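Below, each chain spelled out in residue letters.
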Amino acid sequence: MRKLHVKKGDLVYVIAGDDKGKQGRVLEVLVKENRAVVEGVNMVSKHTKPNAKNPQGGIVKQEASINLSNLMIVDPSTGKPSRIGRKRDENNKSVRYAKKSGEVIK
């Protein structure tokens, strides 16, 4: 499995596309497709048939996936988008850090 700069639960900033400038939490990462689903970003209309959850059916708005190249991690200290790097912590465990501030990303 490839190491990606984005994980589920990260706060990300969209740098390209129709939703450029928006921020949101990563709900799901699709590793094989190199894409992620971000909360409130890339909303699409999906037509649904009536079912137990939605007895009326109709059109439902939901998030579609977005390419990982269009996302940047938000720096925890400044709140601005930043690239990430990897380094070893005191326990010799690999951690991600924001290149702008040097702060470790949880």
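Residues numbered from 1 in each chain as written. Predicted model: local features only at pLDDT ≥ 70, side-chain atom pairs only at ≥ 80, totals over all residues. Heavy atoms only, no water.

With an unreviewed UniProt entry as reference, the chain is termed Large ribosomal subunit protein uL24, source organism Acetobacteroides hydrogenigenes. UniProt lists a comment for the chain under the heading Subunit (unreviewed entry), and it reads "Part of the 50S ribosomal subunit." Per UniProt, the chain has the following entry under Sequence similarities (unreviewed entry): "Belongs to the universal ribosomal protein uL24 family." (UniProt positions renumbered as here; feature names shortened; annotations may be inferred.)

(A) Expanded view of the overall build of the chain. When helices and strands are counted, the chain shows zero helices and eleven strands. The linear arrangement of helices and strands in the chain, starting from the amino end, is β-β-β-β-β-β-β-β-β-β-β. Principal-axis analysis of the C-alpha atoms places the extent of the chain at approximately 55 × 25 × 20 Å. By the burial criterion, 25% of the 106 residues in the chain qualify as buried. Total accessible area computed for the chain in this model is approximately 7,400 Å², and 49% of it derives from carbon and sulfur atoms. Taking the average place of the 23 positive charges on the side chains of the chain and the average place of its 11 negative ones, the gap between the two points comes to 3 Å. (Helix = DSSP H or I, 4+ residues; strand = E, 2+ residues; numbered from the N terminus. Buried < 20%, exposed > 50% of the residue type's maximum accessible area, 1.4 Å probe, protein only. Areas by Shrake-Rupley, 256 points an atom, 1.4 Å probe, with all protein chains shown as cover. Lys, Arg positive; Asp, Glu negative; His and termini not counted. Charge placed at Lys NZ, Arg CZ, Asp CG, Glu CD.)

(B) Representation of the sheet that holds strand S10 (residues 94-98) in the model. Taken together, three strands build an open sheet; the order of strands is S9-S10-S11 and the sheet is antiparallel. Two strands lie at the open edges of the sheet, namely strand S9 (84-88) and strand S11 (104-105), each paired on one side alone. With two bridges joining them, S10 and S11 adopt antiparallel strand pairing. Among the inter-strand pairings, Tyr-97 is bridged to a residue of S11, identified as Val-104. (Pairing = 2+ DSSP bridges.)

(C) Spatial organisation of the sheet that holds strand S3 (residues 35-38). The antiparallel open sheet is built from six strands, whose spatial order is S6-S3-S2-S1-S7-S8. Each end of this open sheet is capped by a strand with a single partner; those strands are strand S6 (65-67) and strand S8 (81-82). Looking at chain direction, strand S2 (residues 23-30) and S3 are connected through four bridges and run antiparallel. Its bridge partner being in S3, Leu-30 is matched across the sheet by Arg-35.

(D) Summary view of the pairing of strand S1 (residues 11-14). Residues Val-12 and Val-14 line the buried face of S1, whereas the alternating positions Leu-11 and Tyr-13 sit on a face that is not buried. Across three bridges, the pairing between S1 and S2 is antiparallel. When the sheet's bridge partners are listed, Leu-11 is paired in S2 with Arg-25. For S1 and strand S7 (residues 71-74), the ladder comprises three bridges, and the chain directions are antiparallel. Across the sheet, the residue bridging to Val-14 is Leu-71, located in S7.

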